[in-house]
Amino acid sequence: MLHISREIWSIRTTTFRSVRLLRPNKPRTYSTGRISAQSATGKPLGSGHLWSFLLGSLGTLGLTYYYLGPHRSSSGIAKKVKYGSANDFQTAGRVTTEPEDLYDHGFSENDYHPGALHSVIVYPLCTEDVVKIVNIATRYRMPVIPYSGGTSLEGHTRGHNYGGICVDMSRMDRILAINEADGDLVCQPGARWVDINDTLKAKGIPLFFPLDPAPGATIGGMISTSCSGTNAVRYGTAKGEWFLNLTVVLPSGEVIKTRRRARKSSAGPDLGKLFVGAEGTLGIVTEATLRLAPLLPTSVAVVHFPDVRHATEAVREVLTQGVGIQCVELCDDDFMRATNKFGLSLRKWPEKDSLFFKFQGHSSDALRETARVVKKIVEKHGGSGFTLARNEKEAVDLWTDRKNAHYAGLALLEGGRSWATDVCVPVSKLPDLIYETKRDLKEAGLLSLIVGHAGDGNFHAQLLFKDDEEMKKVREAVHRMVERAIALDGTCTGEHGVGMGKREYLYEELGEGTVELMKTIKRTLDPLGLFNPGKLYPDRPASGSKNHS
């Protein structure tokens, strides 16, 4: 075990050496520039401790320590050593160049976009730490890539080809204040929405944060990708009023707050929206004030249809009735078949296109009335087998079948892998999009299942494959799916974000003027182009390429 002396630890600057990463079948060589140092407690730190750790690799550090450390006398016999303090060792854990860590942060099991390694990973604990990282990156012209939950699907956190600093925000995960009387909460960006809601429940506070993407998603990532989830039909998306105020470190190193904590403000444009969906390219969020919603009783129902068109027509009518609908999910016949094959459901489902409803109301009477109205409408549109949860446990069991979509899908192809993607269209166009997509996938010989947020026209496709040849077919099918959605006046992504994977579609979807304005904002705030380069902003298309006007 290597013990680092405090004298070596206080070196202010050092040059990274080229490091050969011994990852099976993925050898890479990378190098970076020079970086200065600071310390690591949870408070703002001076310049003499933490960043001096950046010696590039433990090998380099070990050699320095061996030849210069105080443990060696002129005779080569070890003398008594004063080892680092607990804070010193904590500091060592906040900066890493370990090959496994670099690989895990630079690649992803969630997608199949090209990966690249970061040069170093740093774990800040406060806004001041992030400021110091950004200032160092600016001084040495090093890319800065924010990272947190690691659940994104479009390559948002990949490293840059020249290396750079990965700023892992996962240790900035504290809830800083709960203002129950005002219905809001202040937290750091590494806090997970699931943990926030669990904390509110444990404290007996009848409020919750309604945006519900993947369970591992963090607030910082949710802001950056403009997330939503199954609750969007009732509560909207991250671009709504759910983030009242953001504390952001800009590429200049300046710290701003986008507004005060008041529920509403007409004091100029809402600059918080500038960072929602910007994918870490304009600034790094270090605190957020979340608006909370009342936690109301819910129940769950499932109903089956002869086809997708009948199901979506039923949804449109249900949503015009003003009853309490929190979620309405469209699950195709392949999903229901996968759920049966997966074997964890407590039921054997009819393998038909189905809707999963989550009702919401202030009382059990309100829930029963909503169920009555919905049952009448869905049966008018050909729905059958209407199943309403009899109690809270049964409601959880029914909804769990919907939430197990990813793992159930893998049951359709033993030994297979999964490519997940999403698009969104006007609700009335959803049946056309699903029909054409399912026909296309069948003709391509690909197994898939589709789960849609039927209330807002957003659907997710899970495409299954076994080898590189099939993966090529999947990639081409995803491209056709996106083109199909845009042709229906939709978007290349409803909630997953752009990242690396969908940059190429923005000129066609948004038009040249809009994309160039986005780039102008980027150049204004980040003239050096250091914040998450290679994400979101597309290259200008070649002459003759599709361009929305």
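Residues numbered from 1 in each chain as written. Predicted model: local features only at pLDDT ≥ 70, side-chain atom pairs only at ≥ 80, totals over all residues. Heavy atoms only, no water.

Some points on the overall build of the chain
For step 1, the next point in the chain: For the chain, the helix and strand inventory stands at 18 helices and 22 strands.
For step 2, the next point in the chain: Each of the 549 residues in the chain was classed as buried or not, and the buried ones make up 55%.
For step 3, the next point in the chain: Nonlocal contacts in the chain, meaning residues at least 24 apart in sequence, comprise 72% of its contacts between residues at least 6 apart.
For step 4, the next point in the chain: Of the accessible surface of the chain, which amounts to about 24,600 Å², a share of 52% is contributed by carbon and sulfur atoms. (Helix = DSSP H or I, 4+ residues; strand = E, 2+ residues; numbered from the N terminus. Buried < 20%, exposed > 50% of the residue type's maximum accessible area, 1.4 Å probe, protein only. Contact = heavy atoms within 4.5 Å. Areas by Shrake-Rupley, 256 points an atom, 1.4 Å probe, with all protein chains shown as cover.)

Focus on the pairing of strand β12 (residues 243-249)
For step 1, the next point in the chain: Here β12 lies mainly inside the structure; 7 of its 7 residues are buried.
For step 2, the next point in the chain: Pairing geometry for β12 and strand β14 (residues 284-291), over 6 bridges, is antiparallel. For Asn245, the partnering residue across the bridge sits in β14 and is Thr289.
For step 3, the next point in the chain: Where β12 lies against strand β13 (residues 255-257), 3 bridges are found, and the strand directions are antiparallel. Bridge pairing links Val248 to Ile256 in β13.
For step 4, the next point in the chain: Counting the residues between successive antiparallel strands, the hairpin from β12 to β13 contains 5 residues, one of them, Gly253, with a positive phi of roughly 95 degrees. (Pairing = 2+ DSSP bridges.)

Some remarks on the environment of Cys424
For step 1, the next point in the chain: Positionally, Cys424 belongs in strand β20 (residues 417-424).
For step 2, the next point in the chain: Look at Cys424 and you get buried, because its relative accessible area is 15%.
For step 3, the next point in the chain: Between the C-alpha atom of Cys424 and that of Asp456, which follows or precedes it by 32 residues, the distance is 7.8 Å.
For step 4, the next point in the chain: Ignoring anything within four residues of it in the chain, the contact list for Cys424 reads Asp456, Gly457, Asn458, Gly490, Thr491 and Gly494.

Details of the confidence of the model for the chain
For step 1, the next point in the chain: Summing up the model confidence of the chain, the mean pLDDT is 86 and the portion of residues at 70 or higher is 82%.
For step 2, the next point in the chain: Confidence drops under pLDDT 50 across residues 1-49; counting only partners more than four residues distant or on other chains, this segment forms 146 contacts.
For step 3, the next point in the chain: Across residues 51-78 the pLDDT falls below 50, and counting only partners more than four positions away or on other chains, this stretch makes 69 contacts in the model. (pLDDT = per-residue confidence, 0-100.)

Brief notes about the nonpolar core
For step 1, the next point in the chain: Ranked by size, the top nonpolar core spans 86 residues in total, and within it Phe209, Ile219, Leu355 and Phe357 carry the most contacts.
For step 2, the next point in the chain: With 8 residues, helix α16 (residues 468-487) is the single largest residue contributor to this core.
For step 3, the next point in the chain: Ignoring sequence-local partners within four residues, the contact set of Ile219 consists of Cys187, Gln188, Pro189, Ala191, Trp193, Ile196, Phe209, Phe243, Ala288 and Leu290. (Core = buried A, V, L, I, M, F, W, Y, C linked by side-chain atoms within 4.5 Å.)

Side note on the side chain of His118
For step 1, the next point in the chain: Mapped onto the elements of the fold, His118 is located in the loop between α4 (99-106) and β6 (120-122).
For step 2, the next point in the chain: Here the side chain of His118 touches His105 through a polar contact of 3.2 Å, landing on its backbone oxygen. (Polar contact = N/O pair within 3.5 Å; in protein donor to acceptor, adjacent residues only side chain to side chain.)

Quick look at the pattern of salt bridges
Any two side chains of opposite charge can pair, on the condition that their charged atoms come close.
For step 1, the next point in the chain: In this structure the tally under the stated criterion is 32 salt bridges.
For step 2, the next point in the chain: Of the charged contacts in the structure, one is a salt bridge between Glu394 and Arg347, with a shortest N-O distance of 3.3 Å. With Glu394 in helix α13 (residues 392-403) and Arg347 in the loop between α11 (333-342) and β18 (353-360), this residue pair connects regions lying 47 residues apart in the sequence.
For step 3, the next point in the chain: Here Glu394 and Arg390 are joined by a salt bridge, their closest N and O atoms 2.9 Å apart.
For step 4, the next point in the chain: We classify Glu394 as buried; its relative accessible area is 12%.
For step 5, the next point in the chain: One network of salt bridges, with partners in common, ties together Asp332, Asp333, Asp334, Arg337 and Lys438. (Salt bridge = Lys/Arg side-chain N within 4 Å of Asp/Glu carboxyl O.)

Quick word on the environment of Ser299
For step 1, the next point in the chain: Relative to the helices and strands, Ser299 is located in strand β16 (residues 298-305).
For step 2, the next point in the chain: Classification of Ser299 as buried rests on a relative accessible area of 11%.
For step 3, the next point in the chain: Residue contacts for Ser299: discarding those within four places in its chain leaves Phe357, Lys358, Phe359, Leu367, Leu388 and Ala389.

Things to note about the packing of aromatic side chains
For step 1, the next point in the chain: Scanning all chains against the criterion turns up 9 aromatic pairs.
For step 2, the next point in the chain: For the pair Phe208 and Tyr235, a centre-to-centre distance of 5.7 Å together with 85 degrees between the ring planes defines the contact as edge-to-face. Taken together, the residues span a long stretch of sequence, with Phe208 in strand β11 (residues 207-208) and Tyr235 in helix α8 (residues 232-235) at a distance of 27 residues. Across the pair, exposure class does not vary: Phe208 and Tyr235 are buried alike.
For step 3, the next point in the chain: Through pairs of rings, three or more aromatic residues link up here, namely Tyr112, Trp419 and Phe465.
For step 4, the next point in the chain: Across from the ring centre of Tyr123, 3.9 Å away, lies the NZ or CZ of Arg171, which sits over that ring. (Phe/Tyr/Trp six-rings, centres within 6.5 Å; stacked < 30°, edge-to-face > 60°. Lys NZ or Arg CZ within 6 Å of the ring centre and 35° of its normal.)

Side note on the sheet that holds strand β5 (residues 95-96)
For step 1, the next point in the chain: Across the sheet, which stays open at both edges, the 4 strands sit in the order β5-β6-β8-β7 with mixed pairing between neighbours. Looking along the sheet, the strands with just one partner apiece sit at the ends: β5 and β7 (144-147).
For step 2, the next point in the chain: The sheet contact formed by β6 and strand β8 (residues 165-168) spans 3 bridges and is parallel. By the bridge assignment, Ile121 is partnered in β8 with Cys166.

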